Amino acid sequence: MTDRRTRFDIRRQPGFGSVAWLCFVVLYLPILIVVVYAFNAGRSVATWQGFSLRWFVSAWHNQLIVECSLRSLRIGSIAAVISTIAATMAALATTRTRPYPGLTLKYAIINQPLMVPEIVTAVALLIVFARVKIWTGYTGLTYLVIAHTAFCIPFAYLPIRARLENMDRVLETAAADLYASSWRVFRYVTFPRLWPGILAGLMLAFVISLDDVVITQFVKSAGQDTLSTYMLGQLRRGVTPEVNAISTIFVLISIIVVVVFFIVNRKRSEQ
Amino acid sequence: MAGVVDGSRARRRDIRKRWLLSSPALIIVLAAAIGPLLVVVVYSFLTPGPYGDVLWKFSTEGWSNVLFERDIFDNTLHLATANLTVFWRSVELSMLTTLFTLVLGFPTAYFIATRPARWRDVWLFVVTIPFWTNLLIRTFAIEELIRNQGIVNTLLIRFGLIQQPIQMMFTDFAILLGMTYVYLPLMVLPIYASLEKLDFRIVEAGYDLYASRFAVLRRIVLPLVQPGLVAGSILVFIPALGAYVAPMVLGGGRKLMLGNLIDLQFGQARNWPLGSALSLTLMAVVTVALLVYARVASPRQQHRYD
C-alpha cells in the first residue's frame, strides 16, 4: 500500500479510509458486544464473569419466548410465501413489455409501503382492523399475516423484477414457437432462470417480516406477541441477558439468510 | 400511446393478462396499506370516543388539535406547545441524523467504490449485514453501550476518568446516536450506487488541470454523485422522521418524537382523530420530501439515459 504513494493515486481522498474503517467498527462493535455478553455467566452486561450458556438455556425454557419465536416464524413464513408469489406474478406482469396504460400506477401501488412511514401504516391498520374485529368477532393471527404480506410485497418484488429485467425473451419466444402453452413456458423456461431472484425475494420478505416491530405492535391482539414485540416489552421493563441470548440467535438467522442471498447472487453474476 | 396505435388484439389480450397477473399484489397492497390510509383521512374528521375509537360525528377538532389546544377553563385556543416541541425535536433529530450519516456514509461509500472490483461486493455486503439485523437488537445494542451501568460508563469509571456515570440514556443524544447507527447503511448504499458509475477519467482530467484533492472532491465528485447523496438523505430522513423504536427505547418515553406522539393518541390519550391528523401530517411532510427528491434526482437520471 505504501509504495502506491510514490505514484499519484487519483482515487485517494485523505482521511476517507479512516472514516470508512471507523464506520465498519461502529457498525459491528455494538452487535458484537450484545453477542459476547450473551455468553456471560453473570447478570451484568458490563463485567465479564466467565463463559456460560445459561442464558440460552433459560431462554429455551422460557415458555413465552418459545411461543413468541414460533409465532414469529409462522407469520414470517406464511407472509413471505404469499408475498413472494404475488410479487413474482406482479413482476412478470410489469417487466419486459412496452409501457402500457396503468404500468406506472402499478409501480406506485406496489412500492407504496416503502413510501409511507411505518407508523402511519400501523395506525391505519389499527383503525381498520379494530372495526373488522368488532364486526366479525375474529381476533386470530390472520390480521398480522395480511399486514405483513402487504409490506413484504415490495421487498420481494425488487429482486425478482431486477432479475427479470436482465432476462431476454428469446428462449420464451422459442418455446412458444414450439407450441408450449404459456404455463409450460413459465414452468420450464422462465422459472428455472428466475428462481434465484424468487429465492432472494422470499428471503428478504422473511427477514423483513421477522424484524417488524411497529406494525405488529399496533395490529396484534392480546397475547399475540412476536419475538420483536416481546423484546420491545422487555426493553421497556429492563433487560436480562436472556434478551442477549435471543438476539444472538436472531443475528445468526439474519446473517445466515443474508450470506445465502449473497452467495446465490454472486453465482448469478459470475454466470 | 403506442399501444393505441397498434391496437392489435394480441396486444390487448397481453395487457389484460398482465392486469390479471398483477392483481393479487395490487389487491393486497390496496386492501392492507392504501385503503386503510383513506380510512385514516375519514377518522381525522370525527369526534373522539370516550374509550378510544371514534363517534360518528363530524369535527375539525382533530386537525386544529395538531397545532392548537383548547384551554379547559375559558375555552380559548392556544398554540399546543407540547406538540410543537415534539415536531421540532422530530425534524431536528432527523436532520441531524441525515447529516451525521452523510458525513460518515459518504467516505465509507467512496472507500468501497475505490476498492478493486472483486472486493467491492464483499465490502458492500459487510455494510448490509447490520442492516438485516433486527432493528430492536441494534437499538438494544446502543442501550448496552450508553446506559449508566453500560460499557462506556463502566470503562470510563474503571480508568478513573469520571466518578459518576454520565447520563446518556433518555436524552436527545441517545436518540440521535441510535438513529445514526441504525440508518447508516441506508445512506451508504445509494451513494455507493452513484459512485460506482463515476468515471474516474473525469477526476483525472481535473488533476491534469491542477485541481487540488479538495477541489476535485467539491467540483467534480460531489456534483456527479449528487443523486446518490439525495437518495441516501431521503432514505434516512423518512424513517427517522417517523421513528418509533429509537425514541421509545433510548428516549425512554420522556423525549417523544412524532411517532410516539401518534402512538400516545391511540393509547393513553384516547384521541384517535388527533392521532389520525398527526399521522397524515407526518405523511404530508414525507410526501413533500419525496417530491423534492423526484425533482432533484430525475432530470439528471434522464440525462444519463439519453
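Residues numbered from 1 in each chain as written. Chains lettered and ligands numbered in written order. Predicted model: local features only at pLDDT ≥ 70, side-chain atom pairs only at ≥ 80, totals over all residues.

If you tally the helices and strands in chain A, you get 11 helices and zero strands. Seen in sequence order, chain A has helices and strands lined up from the N terminus as α-α-α-α-α-α-α-α-α-α-α. Relative to its length of 271 residues, chain A is extended, with a C-alpha radius of gyration of 23 Å against a globular reference of 18 Å. When burial is assessed residue by residue, chain A has 42% of its 271 residues classed as buried. Across chain A, the fraction of contacts at a sequence separation of at least 24, relative to all contacts at a separation of at least 6, is 79%. (Helix = DSSP H or I, 4+ residues; strand = E, 2+ residues; numbered from the N terminus. Rg over C-alpha atoms; globule rule 2.2 N^0.38 Å. Buried ≥ 20, exposed ≤ 12 C-beta atoms within 10 Å, placed from the backbone. Contact = placed C-beta atoms within 7 Å.)

On to the overall build of chain B, then. A count of helical and extended segments in chain B gives 14 helices and four strands. Computed over the C-alpha atoms, the radius of gyration of chain B is 25 Å, more than 25% above the 19 Å expected from 2.2 N^0.38 for a compact globule of 306 residues. Sorting the 306 residues of chain B into buried and exposed places 43% on the buried side. Of all intrachain contacts in chain B linking residues separated by at least 6 positions in sequence, the fraction that spans at least 24 positions is 67%.

A few words on helix α3 (residues 63-94) of chain A. The end-to-end C-alpha distance of α3 of chain A, which contains 32 residues, comes to 46 Å, matching closely the 46 Å that a straight helix rising 1.5 Å per residue would cover. Of the residues flanking the end of α3 of chain A, it is Arg-96 of chain A, one or two places downstream, whose phi is positive at about 55°. (Expected span 1.5 Å × (residues − 1).)

All names here are of chain B. When you line up the elements, Tyr-192 lands in helix α8 (residues 172-196). Residue Tyr-192 is classed as buried on the basis of its 24 C-beta neighbours within 10 Å. For the pair Tyr-192 and Leu-124, spaced 68 residues apart in sequence, the C-alpha separation works out to 8.6 Å.

Contacts between the two partners involve 74 residues from chain B and, on the opposite side, 71 residues from chain A. Of the residues contributing to the side of chain B that touches chain A, the split by class is 53 nonpolar, 14 polar and seven charged. (Nonpolar A, V, L, I, M, F, W, Y, C, P; charged D, E, K, R; others polar.)

In this section: the domain arrangement of chain B. Considered domain by domain, chain B is made up of domain 1 (1-37) and domain 2 (87-305). Here the C-alpha centroids of domain 1 of chain B and domain 2 of chain B sit 36 Å apart. (Domains from an automatic or database assignment.)

Residues and elements named next belong to chain B. For Asp-53, which is not glycine, the phi dihedral falls at a positive 55°. Here Asp-53 lies in the loop between β1 (47-48) and β2 (54-55). Within the chain, Phe-170 stands out as a residue other than glycine whose phi angle is a positive 60°.

A few words now on the environment of Gly-242 of chain B. Within the element layout of this structure, Gly-242 of chain B appears in the loop between α11 (226-241) and α12 (245-250). Each C-alpha atom, one on Gly-242 of chain B and one on Val-91 of chain B, is 9.8 Å from the other, the two residues being 151 residues apart in sequence. In this structure Gly-242 of chain B touches Pro-117, Glu-118, Ile-119 and Val-120 of chain A together with Leu-258, Gly-259 and Leu-282 of chain B, once residues within four positions along its chain are discounted.

Attention now moves to the packing of helix α1 (residues 16-38) of chain A against helix α5 (residues 117-132) of chain B. Direction vectors running N to C along α1 of chain A and α5 of chain B enclose 40°, while the axes themselves pass 10 Å from each other. Crossing handedness for the pair α1 of chain A and α5 of chain B: left-handed. Here α1 of chain A contributes Phe-24, Leu-27, Tyr-28 and Ile-31 of chain A to the contact with α5 of chain B, which in turn contributes Val-126, Val-127 and Pro-130 of chain B. Grouping the constituent residues of the contact of α1 of chain A with α5 of chain B by class yields seven nonpolar, no polar and no charged. (Axes fitted to C-alpha atoms, helices over the stretch in contact; angles between N-to-C directions. Left-handed = near helix turned anticlockwise from the far one by under 90°.)

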